[in-house]
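Spelled out, the chains give:
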Amino acid sequence: MHHRPGWANGAVIAVSATAVTASTIWICSTLSKYGLDGTLRYIWVGDPLSPEVRQSVSTLEKVESKIPKLEKLLMQIEEALSKARLDSIDDEKWIVVPQWIVSYAPQNLEKDMTKLDASLDRLAAGVDAIASHDNSEVKLLKKEYSQRIVQLMGRTDALLAIYAQEDTS
C-alpha cells in the first residue's frame with residue numbers, strides 16, 4: 001500500500017475546495033444573470049439565449065454595425081454646412097445653401113441627405129419590428145438603438161429643413 005505524504009493530501013483537498021468554490025461562484029452568477037433555463041442552455045449548448053432571442057440579438061447587432069456609417073455621413077454633411085456658414089459673406093440663408101452644396105462637393109448633397117434620411121427610417125422600422133420575446137437584454141438594446149436612431153433622425157431633419165430653405169427663398 002502506497003501512501004502519499006501528508007502535505008500532498010492537503011494540496012489535493014485545497015485544489016478540490018478551490019475548484020468547488022469557483023464552480024459555485026460561477027453557477028450562482030450565471031443563475032442570477034440568465035436564470036435556470038439560461039444557465040442550463042449555457043452549460044449544454046454554449047449559449048444562454050434561446051434561438052429566438054439569439055436571432056433578435058444578432059439582428060440588433062447588425063443594426064448596431066450600421067449606425068457608425070450613418071453617423072459618419074451625417075457628420076460630413078454637418079461639417080460641410082459649418083464650412084459653408086464660415087465661407088458665407090453675410091450668413092444670409094439664401095447664400096448658405098449654395099455654398100453648402102459647393103463645400104460638400106464632389107459628393108451630391110441632396111442625394112446623400114435623402115439616402116441618409118431613408119436609411120435611418122429603414123433602420124428605425126427594422127428595430128421596431130424585432131421581437132423582444134420578453135427578454136430584458138433585447139428590450140434594452142432596442143431602446144438604446146431606437147434612441148440613437150431618433151437622435152440621428154432629428155439632426156438629419158434639421159439639415160433637410162435648412163436645405164429646403166433654398167426652395168422657399
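Quick note: structure is the one above.
For clarity, every value in this text was computed on a predicted model and none was experimentally measured. (Residues numbered from 1 in each chain as written. Predicted model: local features only at pLDDT ≥ 70, side-chain atom pairs only at ≥ 80, totals over all residues. Heavy atoms only, no water.)

(A) How the structure looks around the layout of surface pockets. Empty space within the second largest pocket amounts to approximately 180 Å³. Lys-66, Lys-69, Leu-70, Lys-72, Leu-73, Gln-76, Lys-115, Leu-116 and Ser-119 are the residues that line the second largest pocket. Those elements giving two or more residues to the lining of the second largest pocket turn out to be helix H2 (51-87) and helix H4 (109-129). Looking at the lining of the second largest pocket element by element, the count peaks at six residues for H2. Classifying every residue of the lining of the second largest pocket gives three nonpolar, two polar and four charged. (1 Å grid on protein atoms, 1.4 Å probe; cavity = no way out; pocket = protein on both sides within 12 Å on 5 of 7 lines; lining within 4 Å. Points joined across faces, edges and corners; volume = space filled by probe spheres on them. Helix = DSSP H or I, 4+ residues; strand = E, 2+ residues; numbered from the N terminus. Nonpolar A, V, L, I, M, F, W, Y, C, P; charged D, E, K, R; others polar.)

(B) Spatial organisation of a negative patch on the surface. A surface patch of like charges, here negative, comprises Glu-61, Glu-64, Glu-137 and Glu-144. Mapped by element, the contributors of at least two residues to the negative patch are H2 and helix H5 (136-168). With respect to the secondary-structure elements, Glu-144 resides in helix H5. (Patch = residues over 30% accessible without salt bridge, like charges linked within 9 Å, V, L, I, M, F, W, Y side chains within 5 Å. Areas by Shrake-Rupley, 256 points an atom, 1.4 Å probe, with all protein chains shown as cover. Salt bridge = Lys/Arg side-chain N within 4 Å of Asp/Glu carboxyl O. Lys, Arg positive; Asp, Glu negative; His and termini not counted. Charge placed at Lys NZ, Arg CZ, Asp CG, Glu CD.)

(C) Representation of the nonpolar core in the model. Among the nonpolar cores identified, the biggest contains 33 residues, and Ile-77, Trp-100 and Ile-149 are the most heavily contacted of them. For this core, the secondary-structure elements that each account for two or more residues are H2, helix H3 (93-104), H4 and H5. Counting residues per element, this core draws most heavily on H2, at 12 residues. In this structure, Ile-149 is in contact with Val-63, Ile-67, Leu-120, Leu-123, Ala-124 and Val-127, ignoring residues within four places of it in sequence. (Core = buried A, V, L, I, M, F, W, Y, C linked by side-chain atoms within 4.5 Å. Buried < 20%, exposed > 50% of the residue type's maximum accessible area, 1.4 Å probe, protein only. Contact = heavy atoms within 4.5 Å.)

Limitation: the analysis is restricted to geometry and does not speak to function.
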